[in-house]
Amino acid sequence: MQRVRQRQLELVFAANPDRHKPEGGSHGKASGVPVAKAWLRRIAKSKESNSLAAGVTLTTGLLEQIASGPVMAKALLNVAANKGAAGVDGKSVEEVVINVRSLLPKLQRALLDGTYRPGDVRRVWIPKPGGKGQRGLGIPNVIDRWVQEATRLVLETIFEPLFHDSSHGFRPKRGAQTAIAEAKRYIEEGHNVVVDLDISKFFDCVNWQRLLARLAQRIDDKRVLSLIHQMLKAKVVMPDGTRIRVVEGTPQGGPLSPLLSNVVLNELDWELDRRGLRFVRYADDANIYVRSQRAGERVMDSTRRFIEKRLRLKVNEEKSSVTTPDKVHFLGFRLCKGTDGKVEVYLSERSHKRIMQKIRELTPRNWGNSLSSCMEQANQYLNGWEAYFNLCTRPCAKYWSSYDGHLRRRLRAIVIHQKKRARFLNRHLKACGVSKASAAKTAYSRKGIWAKANMQGMCRAYPNAWFAERLVSLWDLWRQRHPVELPSQPVSDGQLLLFAL
């Protein structure tokens, strides 16, 4: 295998990029980003973008639409909003944005005359949830992500109307909320058995020939098909610097990969629809809802044959099963049907373990900075976590107060650890208004830090009310999003007489 070498086209960046940078070092670089973004927004809102907003109806001349100013401007703004890491060439998103005035015409020319060639894809490994192996992500160069995003914007208008309504992953105005809502409806209708399907290494095993054939059914511009093929063939640079040639798959991490995955699995969606099955699919995870275990086993066998023989993919037997909804981890949730027929949304066991693990990571016992900085970091994560998992219904969400209490206790443990010695902790507790007896009992206790964090002295020095002003409460956030309507008070006969007057 060969060592990595720079192969991104030289025409993409100027020969002397420093002359395009504002003066003033890193401060000038940072100040140049808003100016460049404002310029991009003006182009994106130009009259030429009306055809894209109305939807692409012609499949010929697509490359001209991809390379048009408004589409390219909007694409780079989207890439900049994602704030991704640099690729193999080391060029950051900020560098590309600042140099956009010189890069844009060169990149457009390269796309239209066929001289554009994608660079290598940087491979990074991230641990899978639960610690079971690693997942490989491909990080293209920023220039390549820019081109992929422009391609996605145009192709999405063509293929989006063709996708099935039960497909919710990586689609406009769809996501976990719409997927869970549809799954709840099927369970409430009496489909209490789930065929939980997971495709093994889907993004790494997509057959290029089948994918390009599906794209060619709707795309007449062979230049676009050739461009996508070049993106798929881009070599992968491993962490040790070796370059690997790939023959299948769509690199998970590029903006175009989610759309291509939906194109591949759209055939599965319509096959399930033809069979009259009720299903919900999000990317490579699909749940099919049936009424009995026997029907589930039959559907599992027939669907497995279709996926392996027709789509040339493999079903992950370890993660696939026929079971009840409350045992399925779907998008981080599990659905439980009560005796009254109402379906409640709970956290899955995996999601529960993740949040507990994340709380431990955010509040390490040996935290060396201020407590406020630790809470600020925790608040950022908790706000994002709650924004996703607020789909949980009240029977689950009411237990989120235990997460709040666990987090507060860990923060109190940090305070104890930072004081190092009992006499320093005793002095600190008294300064916080704790009585001498309570402070001494807590500080000089022979119990460990974790036990001390829940003793009376620490709870009085750092009560829940103190944290309420500084720390996000998951339970409080959920109640704010889901206000409970108070039952109307009955009107007495005397009050009715008043109204009669």
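Source: prediction; values computed, not measured.

With that out of the way, let us pick up the pattern of salt bridges. Inspection of every chain in the model, using the stated rule, returns 21 salt bridges. In this structure, E267 and R210 form a salt bridge, with 2.5 Å as the shortest nitrogen-oxygen distance. Note that E267 is positioned in helix 12 (residues 257-274) and R210 in helix 10 (residues 208-216), a separation of 57 residues in sequence. Neither residue differs from the other here; E267 and R210 are each classed as buried. A salt bridge links K342 to E344, with the shortest nitrogen-to-oxygen separation between them at 4.0 Å. By relative accessible area, K342 is classed as partly exposed at 46%.

Attention now goes to helix 7 (residues 142-159). End to end, helix 7 covers 25 Å across 18 residues, agreeing with the expected 26 Å (1.5 Å per residue, within 8%). Across the 18 residues that make up helix 7, a large majority, 17, are buried.

Right, let's get into the sheet that holds strand 8 (residues 285-290). One open sheet holds the 4 strands; their spatial order is 7-8-4-9, and the pairing between them is antiparallel. Either end of the sheet is taken by a strand with one partner, and the two such strands are strand 7 (278-282) and strand 9 (321-323). Along the sheet, successive strands turn relative to each other by an average axial angle of 20°, direction set aside. Across 3 bridges, the pairing between strand 4 (residues 193-198) and strand 9 is antiparallel. Paired with V194 across the strands is T323, a residue of strand 9. Against the sheet, helix 13 (residues 293-310) engages strand 4, strand 8 and strand 9, with an angle of about 20° to strand 4.

Further remarks concern the confidence of the model for the protein chain. Of the residues in the protein chain, 87% have a pLDDT of 70 or more, and the chain-wide mean is 86. Segment residues 1-7 is flagged for pLDDT under 50; beyond a separation of four residues in sequence, or across chains, it makes 23 contacts in the model. Note on residues 14-28: pLDDT under 50 across the span, and 11 contacts to partners over four residues away in sequence or across chains.

Moving on, we get to helix 14 (residues 349-362). With 14 residues, helix 14 should cover 20 Å at 1.5 Å per step; its first-to-last C-alpha distance of 20 Å lies within 8% of that length. Along helix 14, the residues that are buried comprise S351, I355, M356, I359 and L362. All buried residues of helix 14 fall inside an arc of 135° around its axis, so they share one side. Turned more than 90 degrees off the buried face of helix 14, the exposed positions are E349 and K353.

Enumeration over the complete set of coordinates arrives at 5 cavities of 30 Å³ or more. Here the largest cavity defines a volume of roughly 140 Å³. For the lining of the largest cavity, the elements supplying multiple residues, two or more each, are helix 7, helix 11 (222-233) and helix 12. Of the residues that constitute the lining of the largest cavity, the class distribution is 10 nonpolar, 5 polar and 1 charged.

Reading guide: rules and limits
- Residues numbered from 1 in each chain as written.
- Predicted model: local features only at pLDDT ≥ 70, side-chain atom pairs only at ≥ 80, totals over all residues.
- Heavy atoms only, no water.
- Salt bridge = Lys/Arg side-chain N within 4 Å of Asp/Glu carboxyl O.
- Helix = DSSP H or I, 4+ residues; strand = E, 2+ residues; numbered from the N terminus.
- Buried < 20%, exposed > 50% of the residue type's maximum accessible area, 1.4 Å probe, protein only.
- Expected span 1.5 Å × (residues − 1).
- Pairing = 2+ DSSP bridges.
- Axes fitted to C-alpha atoms, helices over the stretch in contact; angles between N-to-C directions.
- Contact = heavy atoms within 4.5 Å.
- pLDDT = per-residue confidence, 0-100.
- Arc of directions from axis to C-beta.
- 1 Å grid on protein atoms, 1.4 Å probe; cavity = no way out; pocket = protein on both sides within 12 Å on 5 of 7 lines; lining within 4 Å.
- Points joined across faces, edges and corners; volume = space filled by probe spheres on them.
- Nonpolar A, V, L, I, M, F, W, Y, C, P; charged D, E, K, R; others polar.

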